[in-house]
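# Structural characterization, general
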Amino acid sequence: ERRTARATIIEALDPIERGFRVAPVPRRFNMVPPQVSDRNLQSHVAASLRPHDLLGEQQIVFIPEGAENGVQVGNRFFIVEAGDRWRDELSGGAASAGAEAEPPPEPDAYPSEIVAEGRVVHVRPTSCTLMITRSVREVERGDRAEMRQGY
């Protein structure tokens, strides 16, 4: 009821600190063949298996959508973003770097770009586990994830 638990640590790969979330995780994830999705689904990267800020290919992430939302083992999620990271990271704005035009004021003005793809390797009722199979830039918690019908 209070969402507290006591456990015995039998193996640790990284330090464990107060505040880390605890959940049962399979010790082995099998690579599964792709499964065509029968629906569109919008979500986000909620967590990662290891406490890293930047994630890439062959790493595990978790999405808060699962079997109750129609997610199946083998479905694929695209990690997408819209924006201009180069201009966003400039300390003095785009003009100080010689850019003639300021970026559009709203992120919606930028088209979405696929920056990574992950395949579902494990499904629970309200969450699923993805293995990132391809990425062109790092993936971060909070990134938008989309499952697309017919892919």
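Heads up: the structure comes first, above all this text.
Everything in this summary refers to the structure shown in the same document. Keep in mind it's a predicted model, so treat the numbers as computed, not measured.

This paragraph deals with a nonpolar patch on the surface. Judged by side-chain polarity, I9, I16 and F20 come together as a nonpolar surface patch covering roughly 310 Å² of accessible area. Along the chain, the position of I16 falls in the segment before β1 (41-44). Overall, I16 belongs to the exposed group, its relative accessible area being 51%.

The subject of this paragraph is the side chain of S43. Within the secondary structure layout, S43 lies in strand β1. A polar atom in the side chain of S43 sits 3.3 Å from the side chain of E65. Discounting residues that sit within four places of it in the chain, S43 has contacts with I63, P64, E65, D143, R144 and A145.

The buried fraction of strand β4 (residues 76-81) is high, at six of six residues. Burial along β4 is two-sided: the residues R76, F78 and V80 and F77, I79 and E81 are all buried. Examined bridge by bridge, β4 and strand β5 (residues 113-123) share six bridges and lie antiparallel to one another. Each bridged residue has a counterpart across the sheet, and for F78 the counterpart in β5 is E117. Alignment of β4 against strand β7 (residues 144-147), held across four bridges, turns out to be antiparallel. Bridging from a neighbouring strand, V80 pairs with R144 of β7.

A few words now on unusual backbone geometry. With a phi close to 70 degrees, Q58 is a non-glycine residue in the positive phi region. The exposure class assigned to Q58 is exposed, which follows from its relative accessible area of 52%.

Parameters at a glance
- Residues numbered from 1 in each chain as written.
- Predicted model: local features only at pLDDT ≥ 70, side-chain atom pairs only at ≥ 80, totals over all residues.
- Heavy atoms only, no water.
- Patch = residues over 30% accessible without salt bridge, like charges linked within 9 Å, V, L, I, M, F, W, Y side chains within 5 Å.
- Areas by Shrake-Rupley, 256 points an atom, 1.4 Å probe, with all protein chains shown as cover.
- Salt bridge = Lys/Arg side-chain N within 4 Å of Asp/Glu carboxyl O.
- Helix = DSSP H or I, 4+ residues; strand = E, 2+ residues; numbered from the N terminus.
- Buried < 20%, exposed > 50% of the residue type's maximum accessible area, 1.4 Å probe, protein only.
- Polar contact = N/O pair within 3.5 Å; in protein donor to acceptor, adjacent residues only side chain to side chain.
- Contact = heavy atoms within 4.5 Å.
- Pairing = 2+ DSSP bridges.

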